Amino acid sequence: MEELKSDCSVLVFFVNGKKIVDNQVDPEWTLLFYLRNKLGLCGTKLGCGEGGCGACTVMLSKYDRINKKIRHLPINACLAPVCSMHGLAVTTVEGIGSTRTKLHPVQERIAKSHGTQCGFCTPGIVMSMYTLLRNSPKPTMKDLEVTFQGNLCRCTGYRPIMEGYKTFTEEWELIQNGNRLNGEQGNGCAMGDKCCKLQNGTTKDPEEVLFNRNEFTPYDSSQEPIFPPELKISDQYDKQYLVIKGKTVTWFRPVNLEQLLQLKKQFPDAKLVVGNTEVGVEVKFKQMVYPVIIQPVLIPEMVAITNTEKGVRIGASATFTDIETYLKNEINRLPEEKTRIFKSVVDMLNWFAGKQIRSVGALGSNIMTGSPISDMLPILMANEVTLELQSRDNGKREVILDGNFFTGYRTTIVKPEEILSAIYIPYTNSDRYCYAYKQARRREDDIAIVNAAVNVTFEPKTDIISDINVAFGGMSYKTVTSPKTRQLKGLPWNRQTLELAFAHLQEDLPLDPGAPGGMYLYRKSLTLSLFFKAFLAISADLQKYVPHINIDKRELSGITSFEPKEYKSAQYFTVVPKTQEKSDALQRPIVHISAYKHATGEAVYCDDIPLYENELYLAFVTSTKSHAKILSVDPSEALAMDGVDYFVSAKDVAEGKNFTNFMHRDEKIFYDDIVTSQGQIIGGILATDQIIARKAARKVKIEYEDLQPVIITIDDAIKHNSYFKNPDRMVVKGDVEKVFQEAPHVLEGECHIGGQEHFYLETQSVFVVPKKEDEEIEVYSATQGPTQLAETLAPVLGIQLNKIAVKTKRLGGGFGGKELKAVRIALPAAIAAMKLNRPVRCMLDREEDTVMTGGRHPFYIKYKVAFNNDGKILGAHVKYYNNCGYSIDVSSLVLGHAMTHSQNAYDIPVVRLEGYTCKTNLPSNTAFRGFGCPQAMFAAETMLQHIADYLKKDPVKLSELNLYKEGDVTFYNQKLVNCTMQKCWKECLQSSKYFERRQQVDNFNRENRYKKRGLSVIPTTYGIGFPVPFLNQAGALVLVYTDGSVLLSHGGVEMGQGLHTKMIQVASRCLEIPVEKIHTVDVSTDKVPNTTMTAGSVGSDLNGMAVMRACNTIKERLKPYKDANPKGTWEEWVKKAYFDRVSLSTTGYFGESDYGYNWETGEGQMHNYFSYGAACCEVEIDTLTGDHQVRSVEIVMDVGESLNPGIDVGQIEGAFMQGYGLFVLEELVYSPSGTNYTRGPGTYKLPGFGNIPGEFNVSMLKGSSNPRAVYSSKAIGEPPLFLGSSVVFAIKDAIKAARKENGYDPTDFKLYSPATSARIRVACQDNITSKFEEPELGTYVPWNVLV
Ligand SMILES: Cc1cc2nc3c(=O)[nH]c(=O)nc-3n(C[C@H](O)[C@H](O)[C@H](O)COP(=O)(O)OP(=O)(O)OC[C@H]3O[C@@H](n4cnc5c(N)ncnc54)[C@H](O)[C@@H]3O)c2cc1C
Ligand code: FES
Ligand code: FES
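Residues numbered from 1 in each chain as written. Chains lettered and ligands numbered in written order. Predicted model: local features only at pLDDT ≥ 70, side-chain atom pairs only at ≥ 80, totals over all residues. Heavy atoms only, no water.

Asks: Explanation requested: the overall build of the protein in the structure shown.
Replies: Along its length, the protein carries 36 helices and 47 strands. Against the globule reference of 34 Å for 1347 residues, the protein gives a C-alpha radius of gyration of 31 Å, in line with a compact fold. C-alpha extents for the protein along the principal axes are approximately 90 × 80 × 75 Å. Classification of the 1347 residues of the protein by burial places 65% in the buried group. Across the protein, every contact between residues at least 6 apart in sequence was considered, and the portion connecting residues at least 24 apart equals 77%. Looking at the protein as shown, the accessible area adds up to about 48,000 Å², and 51% of this sits on carbon and sulfur atoms. (Helix = DSSP H or I, 4+ residues; strand = E, 2+ residues; numbered from the N terminus. Rg over C-alpha atoms; globule rule 2.2 N^0.38 Å. Buried < 20%, exposed > 50% of the residue type's maximum accessible area, 1.4 Å probe, protein only. Contact = heavy atoms within 4.5 Å. Areas by Shrake-Rupley, 256 points an atom, 1.4 Å probe, with all protein chains shown as cover.)

Asks: Can you help me understand the site of ligand 1 in this one?
Replies: Inspection of the region around ligand 1 gives 32 residues, with Leu272, Val274, Thr277, Asp375 and Leu420 positioned closest. Here an oxygen atom of ligand 1 sits 2.8 Å away from a polar atom, N or O, in the side chain of Ser365. Contact distances for ligand 1 include 2.9 Å between an oxygen atom and a side-chain N or O atom of Asn366. Going through the elements one at a time, strand S8 (271–272), helix H14 (363–369) and strand S16 (419–426) are the ones with two or more residues in the shell around ligand 1. Looking at which element gives the most residues to the shell around ligand 1, the answer is H14, with 4 residues. Partitioned by chemical class, the residues of the shell around ligand 1 number 16 nonpolar, 9 polar and 7 charged. (Near = heavy atom within 4 Å. Polar contact = N/O pair within 3.5 Å; in protein donor to acceptor, adjacent residues only side chain to side chain. Nonpolar A, V, L, I, M, F, W, Y, C, P; charged D, E, K, R; others polar.)

Asks: Help me out: how do you make sense of the sheet that holds strand S32 (residues 804–808) in this one?
Replies: Whether parallel or antiparallel, the strands of a sheet pair through hydrogen bonds between backbone atoms. Pairing is mixed in the open sheet, where 8 strands are placed in the order S24-S26-S22-S33-S30-S31-S32-S41. With partners counted over all chains shown, the strands left at the sheet margins are strand S24 (644–649) and strand S41 (1083–1084), one partner each. Sitting on the sheet, helix H23 (residues 786–797) is in contact with strand S31 (777–781), S32 and S41, with an inclination near 150° to S32. The strands touched by helix H24 (residues 822–836) are strand S22 (616–622), S24, strand S26 (681–687), strand S30 (765–770), S31 and strand S33 (840–843); relative to S30, the strand with the most contacts, the crossing angle is about 25°. (Pairing = 2+ DSSP bridges. Axes fitted to C-alpha atoms, helices over the stretch in contact; angles between N-to-C directions.)

Asks: Looking at this structure, how should I read the UniProt feature "binding site: FAD" (unreviewed entry) in the protein?
Replies: Here, the residues flagged by UniProt with the feature "binding site: FAD" (unreviewed entry) are Leu272, Val273, Val274, Gly275, Asn276, Thr277, Glu278, Val279, Phe352, Asp375, Leu420 and Lys438. The named residues occupy 167 residues along the chain; their greatest pairwise C-alpha distance, 27.4 Å, places them well apart from one another. Here Thr277 falls in the partly exposed class, since its relative accessible area comes to 22%. Setting aside anything within four residues of it in sequence, one finds Glu278 in contact with Thr369 and Arg410. (UniProt positions renumbered as here; feature names shortened; annotations may be inferred.)

Asks: Any chance you could explain the environment of Leu1059 here in plain terms?
Replies: On the secondary structure map, Leu1059 appears in helix H31 (residues 1059–1071). Residue classification places Leu1059 among the buried residues on the basis of a relative accessible area of 2%. Along the sequence, Leu1059 and Ile1207 sit 148 residues apart, while their C-alpha atoms lie 9.2 Å from each other. The residues touching Leu1059, leaving out its near neighbours within four places in the chain, are His1050, Gly1052, Val1053, Glu1054, Thr1094, Gly1099, Ser1100 and Asn1103.

Asks: What am I meant to see in the pattern of salt bridges here?
Replies: Side chains that carry opposite charge are capable of pairing whenever their charged atoms lie near each other. Scanning the model with the defined rule gives 83 salt bridges in all. Salt-bridge contacts for Lys807 lead to Asp1086; the nearest nitrogen and oxygen are separated by 3.7 Å. Of the two residues, Lys807 is situated in strand S32 and Asp1086 in the loop between S41 and helix H32 (1099–1124); the sequence distance between them amounts to 279 residues. As a salt-bridge pair, Lys1122 and Glu1072 come within 2.8 Å of each other at their nearest N and O atoms. On the criterion of sequence distance, the pair formed by Lys1122 in helix H32 and Glu1072 in the loop between H31 and strand S40 (1078–1079) is long-range, its members being 50 residues apart. A single network of salt bridges, built from pairs that share partners, joins Arg36, Lys45, Asp607, Asp608, Glu615 and Arg841. (Salt bridge = Lys/Arg side-chain N within 4 Å of Asp/Glu carboxyl O.)

Asks: Explain the pairing of strand S35 (residues 873–885) to me, please; I cannot follow it from the model alone.
Replies: Here is the key point about a regular strand: its side chains alternate between the two faces of the sheet. Taken across its 13 residues, S35 has 11 buried, putting it largely inside the fold. In sequence, strand S34 (residues 859–867) turns back onto S35 through a hairpin of 5 residues, with Gly871 there showing a positive phi of about 105°. In this sheet, strand S36 (residues 910–919) lies alongside S35 in parallel orientation, the contact comprising 10 bridges. For Tyr881, the partnering residue across the bridge sits in S36 and is Tyr916. The β-α-β motif built from S35, the intervening helix H26 (residues 891–900) and the parallel element S36 has right-handed crossover chirality. (Right-handed = clockwise from strand over helix to strand, strands pointing away.)

Asks: Quick question: what am I supposed to make of the nonpolar core here?
Replies: The tendency in soluble globular proteins is for nonpolar side chains to be buried side by side. Counting residues in each nonpolar core, the largest one holds 220 residues, and the members touching the most others are Tyr165, Met981, Trp1130 and Ile1195. When near neighbours in sequence (up to four residues on either side) are disregarded, Met981 contacts Ala905, Leu963, Tyr964, Pro1019, Thr1020, Thr1021, Tyr1172, Gly1173 and Ala1174. If you look at the next biggest cluster of nonpolar residues, it comprises 91 residues, including Val249, Val292, Met348 and Phe406. (Core = buried A, V, L, I, M, F, W, Y, C linked by side-chain atoms within 4.5 Å.)

Asks: Is there a simple way to explain the UniProt feature "binding site: Mo-molybdopterin" (unreviewed entry) in the protein in this structure?
Replies: As recorded in UniProt, the feature "binding site: Mo-molybdopterin" (unreviewed entry) lies at Gln784, Phe815, Arg929 and Gly1096. Maximum C-alpha separation among the annotated residues is 12.5 Å over a sequence range of 313 residues, consistent with a single clustered spot. Inspection of the secondary structure puts Gln784 in the loop between S31 and H23. For Gln784, a relative accessible area of 2% gives the class buried. In this structure, Gln784 is in contact with Leu811, Gly814, Phe815, Gly816, Gly817, Lys818, Glu819, Val1053, Met1055, Met1093 and Thr1094, ignoring residues within four places of it in sequence. At 2.9 Å, the side chain of Gln784 and the backbone nitrogen of Gly816 are in polar contact. For Phe815, a relative accessible area of 13% translates into the label buried.

Asks: How do you make sense of the state of the cysteines when you look at a structure like this?
Replies: Here is the idea: a disulfide is a covalent bond, and it sits between the sulfur atoms of two cysteines. On inspection of all chains with the given rule, the structure shows 0 disulfides. The structure places no disulfide on Cys842, whose sulfur is separated from the nearest cysteine sulfur, that of Cys606, by 9.3 Å. By relative accessible area, Cys842 is classed as buried at 2%. (Disulfide = S-S within 2.5 Å.)

Asks: Help me out: how do you make sense of the side chain of Asp849 in this one?
Replies: Looking at where Asp849 falls in the secondary structure, it is placed in helix H25 (residues 846–853). Buried within the structure, Asp849 lacks any salt-bridge partner; its nearest side chain of opposite charge belongs to Arg846, at an N-O separation of 5.0 Å. (Lys, Arg positive; Asp, Glu negative; His and termini not counted.)

Asks: Mind showing me how you'd approach the packing of helix H11 (residues 320–333) against helix H12 (residues 340–350) here?
Replies: Between two packed helices, both the angle of their axes relative to each other and the distance between the axes serve to describe the pair. One way to put it is that H11 packs onto H12 with a least axis distance of 9 Å and a crossing angle of 135°. For the element pair H11 / H12, the angle class is oblique. Here H11 runs over H12; the crossing is left-handed. Contacts from Phe320, Glu324, Leu327, Lys328, Glu330 and Ile331 of H11 reach H12 at Phe342, Lys343, Val345, Val346 and Leu349. Partitioning the contact of H11 with H12 into residue classes produces 7 nonpolar, no polar and 4 charged. (Parallel < 35°, antiparallel > 145°, perpendicular 65-115°, else oblique. Left-handed = near helix turned anticlockwise from the far one by under 90°.)

Asks: Honestly, unusual backbone geometry in this entry has me stumped. Any pointers?
Replies: The step from Asn726 to Pro727 runs through a cis peptide bond, and the omega angle for that step is -10°. Note that the residue after Ser1313, namely Pro1314, is joined by a cis bond; omega there is 0°. Among the secondary structure elements, Pro1314 is positioned in the loop between helix H35 (1285–1301) and helix H36 (1317–1323).

Asks: Can you help me understand the packing of aromatic side chains in this one?
Replies: The final tally for this structure, using the stated rule, is 39 aromatic pairs. With a centroid separation of 5.6 Å and an interplanar angle of 35°, the aromatic rings of Trp29 and Phe33 are classed as tilted. Here a set of aromatic residues connected by ring pairs shows up, and it is made of Tyr433, Phe458, Trp493, Phe531, Phe532, Phe535 and Tyr1010. The side chain of Lys1011 reaches across the aromatic face of Phe562, ending 5.5 Å from its centre. In this structure, Arg1069 packs its charged tip against the face of Tyr1271, placed 5.3 Å from the ring centre. (Phe/Tyr/Trp six-rings, centres within 6.5 Å; stacked < 30°, edge-to-face > 60°. Lys NZ or Arg CZ within 6 Å of the ring centre and 35° of its normal.)

Asks: How should I be thinking about the sheet that holds strand S37 (residues 1011–1024) in this particular structure?
Replies: If you walk across this open sheet you meet the 5 strands as S21-S47-S46-S45-S37, and the pairing is mixed. In this open sheet, the two strands that pair with only one neighbour each are strand S21 (568–572) and S37. Between one strand axis and the next, the sheet turns by 10° as a mean value, whatever way the strands run. Of the pairings in the sheet, the one linking strand S45 (residues 1169–1182) to strand S46 (residues 1188–1197) comprises 9 bridges and is antiparallel in character. Across the sheet, the residue bridging to Cys1176 is Glu1194, located in S46.

Asks: Could you clarify how one ought to interpret the confidence of the model for the protein in this entry?
Replies: Residues shown with low pLDDT carry predicted positions that ought not to be read at fine detail. Residue-level pLDDT values for the protein average 94, and 97% of them are 70 or greater. Confidence over residues 183–203 falls short of pLDDT 50; this stretch has 45 contacts with residues more than four positions distant or in other chains. (pLDDT = per-residue confidence, 0-100.)

Asks: Just checking my understanding: could you explain H23 for this structure?
Replies: In an α-helix, one turn spans 3.6 residues; hence positions three or four apart end up facing the same way. Here H23 is 12 residues long and its end C-alpha atoms lie 16 Å apart, about the 16 Å a rise of 1.5 Å per residue gives. The buried fraction of H23 is high, at 10 of 12 residues. Buried within H23 are the following residues: Pro786, Thr787, Gln788, Leu789, Ala790, Thr792, Leu793, Ala794, Val796 and Leu797. Buried residues along H23 sit in contact with S31, S32, H24 and S41. (Expected span 1.5 Å × (residues − 1).)

Asks: Please clarify how the side chain of His1060 should be interpreted in this entry.
Replies: Considering the arrangement of structural elements, one finds His1060 in helix H31. Look at His1060 and you get buried, because its relative accessible area is 4%. When near neighbours in sequence (up to four residues on either side) are disregarded, His1060 contacts Ile593, Lys809, His1050, Gly1052, Glu1054, Thr1080 and Val1083.

Okay, here's the thing in structure tokens:
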């Protein structure tokens, strides 16, 4: 490499006001790596590493010397190269406030509004909001919506976050001003205190709301930290030609075009990096190595956006945020007809990634990447914009961005030494129209399935086409145009021409049935549907010139978007009696005890534990084959790398100990002979840091020999008779065959429910520290079962349990995924740590976590049901098949739990249930919130709705007829006592105004051709308690210190569900002291031994009783002192007891459950008690695209006497949203050979902020009590999850309306779960879908299969 003259080779930037000067920087480091590992700022989290979750959001500030103002941008630290920070200022969550000094209002409000649960997403959300406020101190609700497009939360359901942050908005301020103007009761709204915007607001008694906004510290934007003056005063860093050399990568930041062109001449293979949102992903996930990186962001011609005579010139490195601002100004400034392309670009940007990506990503990069699903390319190509290319030797040239620009997959006509310097977007005129569309799995922040742009010019003021050009993404390996549609020139814009256009599009846009991306029928249909949308929109526009173009008013629904949301919500709960002591925190909505630490980034998660001097990082080498023989494993190249210490594998495990599960012995710690799934651990590299370890792990060479069969789907398993047991479970009650013979009606059906990825925001992590003596080890693990982890480690390591301390402070979400699977990474880490006698740390990448740890079981369910003329179910025979993956794990228990919920909330007197655990070559599936019940309940509801369709009755009426009531007996002989199912149902119908709504929905559907609304009400009855008696035990340890402070320990893990908060509340009541005196550090096996896994929603039921007992013992011991000095204080009684030598520490134990069930004999009581609930949901679908919007949700849930209504509402909403994800959005996609295509947030879509129901009301059933759990409460984590299925059933209802409209049998369709946009669109059969046929199976190799 020729020596290049640089002005600077030292990175200088500011973090939280502190200047960082570093001459040892490696260009391969991301900002996130630097913050966490070099600066020890662990508040910023790693959730995905691909810009898709927002957990790593920080604020980037720079001085804009042209406009003389400071600019603040939210960015993803996980993608930003640290070298790109030169001369800039970064603010992290630690920089804006802390619990030790002062909270920033953004931190305070998210905490107080119950907007944090596990808290892992919270710093990122805080920083997105903070950045918004720094740019606009009075944002609008729309600003809020946009701000959070790039942030995900898996726990809260988002509603409380929006609720808390609404208080910063203009709209909120207006209402507040109205309040003040109109006095106490006034709010500036004609509805007075009934105003929807005041729900949970200021007019209620402070006790009746989950939080009181009046307590919020006012936001004063003048108090914000100042931008580093050095960066403002001097432009020295902006002028520096920066060159930073690393071991494998050199970073160049030229400051003028000449330097850039020179560099590109010298290094034609160099990568230009602007936002690194493409290159960063390529380097991380495709293991690309780019030795020369050039950052062209300081070259004026490359970033400027200027007006030209014919339109706008956009520098290739201008970011989307800058482009959006500029074009919006142009749209406002110029006549509408001139800015139609600008409008398409701006509209599309709303659906383009999240704000963090748009802040840094550039249009030039988007073009040069040439992604076949780029959202900008169809617009630019349909409008044939001009690109300006430049090179050192040949100067400038201009090319048209048309069908010839791309020469292959991500290759272009641009020469290696050339760069793209600008894009020219022309003005339009009054006869030219431009419309663009994008269809994705999720509307916000998702990549397109198909996108399209239509550009039509007419003869002046006529409907005669003078030119037409259309372009599509997602239909080929590149963006494509449709040359045949150009033949429409000269034709009038009418329905005949439309049919011709359809024919041309069909010819020009072929799709191989096995093409990457799958969804053949959907993608084909979308091409016509999106064109049809443009047809309607242009027809509507043309009406002003050509009145005879008449489109039906009902057809306008094909053009309009869903109505903007109002974000209404209400929460109803029982308020504590006024007589309750202030110090008694029980049943009050106090905030999560870690909420402020979540919001400030101070909460410590496993990977935040400070680095140990001698520690090693473990990166796994896993199987890339679904079924194969390992022929050889060669780590030599990896071991030769600098910083690599060891390769750990099966040879490091004692003979006969290489199992993660000694009960079944079907899962190995290290695979050394045959692999039966992708993602199985073969070994692990130990290196000095994460980057080196991961690089080295990729260099371990493994040779395989493929084996057969490869069983991926439930269908495959049935064909190969591949079961763990055949059948695994069987239940018979009554003579079902006899019922079928005698019943008036019998129906048969089936349904399929896809799996679900846990997607806890914190991936699996562990840190093992061997102690210096007696083989002791400390294991810090993100596990739901510290005891079980220790019990698995002990035999493998050959040490006693009393020498292993497993400690879990908190989890960034668990949802069942960190029960058994946590051992999979803890075992190799512990083996390596003991072997090398050094601490070992490991945190899985999102991709690894998805592939290695499995998720919720997919189910295939077949049913046969008998019923009478009214629809009363008389009997059912149901077969359950769950896809377990390669090992049994808890699959058999999941199946059993599913089968016990086969009836959901319905009384079915006679049943025959058969369950099959299918053994496949997929990753081993495991526990997931609901433990099989949501899948079985979905089948029950499908069956019920099948009957309703058959009898042509409203499903609501049929549910009512079959609903459980007090005294009913389940098929496993459990009598329903204190059954509130009917009560929840009735209240739900009432509060949702179901029957009134039904009318409104029907009216809407009559008035709208392409948008349909649907409605559903779904009940749920959920059994609580482990049917295995030994699991129903818990312990607690209470230590009272001489200053009166209390240290409370118990066996339940805090994973966001608020368990520690509730336990402290229980202790507060028992000890009669305020919560501030009580503290919990962690769960640790050296404090409370032999604990039960925190699972099955019973964490507070079990641990609560143990805590209560321990506290009562202490209370008893202090009673004499209290009696002797009733006016004394707690501290005085404690002190006195101490001086009297009274023990102030004790344990509490709970274990006497009176239930337990024997599956073999059918004897015993299955559940401790039941939780009940109901939800009503209204949705709207776009029948042309399959898009949907949840308009409203009304939930009534029986939670007994809630220990903490703030937490319980959060659990209900979070569970609902996770259920909504399961049943509608989250689709795991597998290839026929078992490769998971959906390994991160880019492809796997959780519900986002944009999915919050427009109105979201939660009522906790009043007057309910539960004698069978602590302080009459009920378990809450899992029961509401199934209510999320109300969305899919409402969608089904809307599809029926669409099918009816289109002349198809409204009920003759299947809707498998998840009801993705593809499935919705295809079910809305019409004259577009009928043009295509699903290719016949067996005639092609499908890209993906239904597992
Ligand atoms: C979470 C996430 C969401 C996304 N969502 C979307 C989406 O909704 N729609 C969509 O279309 N894309 C999306 N993308 C893709 C990506 O953000 C865009 O393609 C973006 O435009 C890339 O810009 P960048 O500056 O960050 O690219 P970089 O990674 O910096 O560069 C990308 C490529 O362009 C080349 N390049 C850049 N400038 C020039 C130039 N002047 N001359 C020659 N070559 C150049 C580089 O060498 C490199 O190969 C998403 C990406 C992520 C990570
Ligand atoms: S960690 Fe950066 S976006 Fe997920
Ligand atoms: S609180 Fe948001 S991910 Fe847990």
